[in-house]
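Structural features, examined
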Amino acid sequence: MDLEALNLRLRPRGPYEAIDLGQALLRRNLREVYTAWAATVLPLGIAFAALAPVVEWLPIVLMWWFKPLYDRIVLVVLSRGVFGERVTVRDLPWRAIFDRSLWWSLPLGRFVVTRSFMLPVTMLEGLDRARRRLRMRTLLKGARFPATLLTTAFLYAEQALALGYLPLAVLLAPQGVDVPVWRWLIDESMPLWLSMVGDVSYLMALTLLEPLYVACGFTLYLNRRVELEAWDIELDLRRQLKGDGPDRREAA
């Protein structure tokens, strides 16, 4: 890893400041992230939504289940963007995205509450299973609670956005059209069109929040490595040896 190529300023930060750095990292790579998202995740989500006439609850379950795949696509773009590289859809390393660890992440790993913080270890460090477990244990010693809180906060935000379609459907429905929201909450019966609105609403919530969730977990991971490996001191020593001035790069 060429630390000098990083386009963010490395220094030890508090865990919540490191999480906040994720929004700056995503903002800097917004075009690349959402271009990859629009070319890969959105078509997949639309295909899932088309299954609503078959089984009403299936689209949302599939969209939720494949989150680890979406996260990997976002992380690839961010992990290269942090070094100033611009990743196009053609540049996505599909072999790395669909490696063995993905098949563990889908059934079991997606329930890990520190998922976005641990994903860079799984995807980027290239460790075998035993070394990866030891590595995760070391990194989590100083970041387990913030990483768990990050996942919890985004889970509630996602639910709030996804369920927001219910009052919106009532407000936007033409006059005289019955929108049986309360009946659905009681007996779980829902017209197909309202179910599909819910599917689209959940896909929109994922589109807005999931890239930010991955970015925040990634910057928390980078900050933990700065703490453990003293990257900031190493860079200062390199600059002093080269006779360079102080690091004037922006935070992200």
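As a further point, take the overall build of the protein chain. Each helix and strand counted, the protein chain has 13 helices and zero strands in total. Ordered by position from the N terminus, the helices and strands of the protein chain form the series α-α-α-α-α-α-α-α-α-α-α-α-α. Here the protein chain holds 252 residues, and the buried ones make up 46% of them. Contacts in the protein chain between residues at least 24 apart in sequence constitute 80% of all its contacts with a sequence separation of at least 6. Total accessible area on the protein chain is roughly 13700 Å²; 63% of this is exposed by carbon and sulfur atoms.

Let us now look at the side chain of Thr151. Looking at the element boundaries, Thr151 is found in helix α9 (residues 144-163). With relative accessibility at 16%, the residue Thr151 sits in the buried group. Setting aside residues no more than four positions away along its own chain, Thr151 makes contact with Val113, Thr114, Arg115 and Tyr213.

This part takes up a positive patch on the surface. Taken together, the side chains of Arg100, Arg129, Arg133, Arg137 and Lys141 present a region of like positive charge at the surface. The element best represented in the positive patch is helix α8 (residues 129-140), accounting for three residues. Among the residues examined, Arg133 registers a relative accessible area of 54% and is labelled exposed.

Turning to the environment of Gly22, a few remarks are in order. Topologically, Gly22 is positioned in helix α1 (residues 15-28). With a relative accessible area of 0%, Gly22 lands in the buried category. Every residue in contact with Gly22, bar those within four places of it in the chain, is listed here: Leu212, Ala215, Cys216 and Thr219.

A separate point is helix α7 (residues 115-124). With nine of 10 residues buried, α7 lies mostly within the body of the structure. Within α7, the full set of buried residues consists of Arg115, Ser116, Phe117, Met118, Leu119, Pro120, Val121, Thr122 and Met123. One or two steps after α7, the chain reaches Gly126, where phi turns positive at roughly 65°.

Moving on to the pattern of salt bridges. Summed over the entire model, instances satisfying the criterion amount to 10 salt bridges. Its salt-bridge partner being Glu210, residue Arg115 comes within 3.8 Å of it at the nearest N-O pair. Taken together, the residues Arg115 in helix α7 and Glu210 in helix α12 (residues 192-229) connect sequence positions 95 residues apart. Each member of the pair, Arg115 as well as Glu210, is classed as buried.

The next subject is the nonpolar core. Among the nonpolar cores identified, the biggest contains 55 residues, and Met63, Leu78, Leu92, Phe117 and Phe218 are the most heavily contacted of them. The set of elements that each furnish at least two residues to this core consists of α1, α2 (30-49), α3 (58-65), α4 (67-81), α7, α8, α9 and α12. Considering every element that reaches this core, the biggest residue donor is α12, with 14 residues. Beyond its immediate stretch of four places on either side in the chain, Leu78 contacts Leu25, Leu26, Asn29, Val33, Val214, Ala215 and Phe218.

Counted under the stated rule, the structure contains nine aromatic pairs. Consider the rings of Phe98 and Trp103, whose centres lie 6.2 Å apart with planes at 35°: the pair is tilted. Here the aromatic cluster, defined as three or more aromatic residues joined through ring pairs, consists of Trp64, Trp65 and Phe111.

Taken together, the side chains of Tyr16, Phe145 and Leu149 present a nonpolar region at the surface, about 330 Å² in accessible area. Along the chain, Tyr16 turns up in helix α1.

So, about α2. The sharpest bend along α2 comes to roughly 40°, located at Ala38. By the burial criterion, the buried members of α2 are Glu32, Val33, Ala36, Trp37, Thr40, Val41, Gly45, Phe48 and Ala49.

Attention now goes to the packing of α1 against α2. Viewed as axis vectors pointing N to C, α1 and α2 meet at an angle of 75°, and their least axial separation amounts to 4 Å. Relative to α2, the element α1 lies roughly perpendicular. Counting all contacts with α1, which are made through Leu26, Arg27 and Arg28, the residues of α2 involved are Leu30, Glu32 and Val33. Looking at the contact of α1 with α2, its residues break down into three nonpolar, no polar and three charged.

To continue, consider the packing of α2 against α3. When two helices pack together, their arrangement is given by the angle between the helix axes and by the axis-to-axis distance. Contact geometry for α2 and α3: axes closest at 8 Å, N-to-C directions at 150°. By the criterion of interaxial angle, the relationship of α2 to α3 is roughly antiparallel. Crossing of α2 against α3: the hand is right-handed. Taking contact as the criterion, the partners of Gly45, Phe48 and Ala49 in α2 are, on α3, Pro59, Leu62 and Met63. Broken down by class, the residue content of the contact of α2 with α3 amounts to five nonpolar, one polar and no charged.

Basis of the calculations
For every chain, the first residue of the written sequence is number 1, and numbering continues from 1 along that sequence. A pLDDT threshold of at least 70 governs which residues receive local features in this predicted model, and a stricter bar of 80 or more applies before side-chain atom pairs are shown or counted, although totals over entire chains, interfaces and linings include all residues. Side-chain figures throughout are based on the complete set of non-hydrogen atoms in the structure, without hydrogens or water. Helix and strand labels come from DSSP, where a helix needs a run of H or I of at least four residues and a strand needs a run of E of at least two; each type is numbered from the N terminus. Here the term buried applies to any residue with accessible area under 20% of the maximum for its type, exposed to any over 50%, and partly exposed to those in between, with areas from a 1.4 Å probe on protein chains only. Contacts were defined at the residue level, with two residues in contact if any of their heavy atoms lie within 4.5 Å. Using a 1.4 Å probe, accessible areas were evaluated by the Shrake-Rupley method; residue-level cover was limited to the displayed protein chains. Patch membership requires more than 30% relative accessible area and the absence of a salt bridge. Residues of like charge join within 9 Å; the nonpolar side chains Val, Leu, Ile, Met, Phe, Trp and Tyr join within 5 Å. Put simply, a salt bridge is a Lys or Arg side-chain nitrogen that is within 4 Å of an Asp or Glu carboxyl oxygen. When charges are tallied, Lys and Arg are placed among the positive residues and Asp and Glu among the negative ones, while His and the ends of the chain are skipped. To locate a charge, take atom NZ for lysine, CZ for arginine, CG for aspartate or CD for glutamate. As used here, the term nonpolar core means buried Ala, Val, Leu, Ile, Met, Phe, Trp, Tyr and Cys residues forming a set that is joined through side-chain atoms within 4.5 Å. Note on aromatic pairs: the rings of Phe, Tyr and Trp (six-membered ring only in Trp) are paired at centre separations within 6.5 Å, and the planes decide the class, stacked below 30 degrees, edge-to-face beyond 60, tilted for the rest. Consider a residue and the seven residues that end there alongside the seven that start there; fitting an axis to each set, the bend is the angle between those axes. An axis is simply a line fitted to the C-alpha atoms; with a helix, the fit covers only the stretch in contact. Between two such axes, the angle follows the N-to-C directions and lies from 0 to 180 degrees. Throughout this description, any angle smaller than 35 degrees is read as roughly parallel, any larger than 145 degrees as roughly antiparallel, any in the 65 to 115 degree range as roughly perpendicular, and the remainder as oblique. Note that Gly is not counted as nonpolar here; it falls among the polar residues with everything else outside the nonpolar set of Ala, Val, Leu, Ile, Met, Phe, Trp, Tyr, Cys and Pro and the charged set of Asp, Glu, Lys and Arg. For a crossing to be left-handed, the near helix must be turned anticlockwise from the far one by less than a right angle; the clockwise case is right-handed.

Remember, this is a structural readout, not a statement about activity or role.
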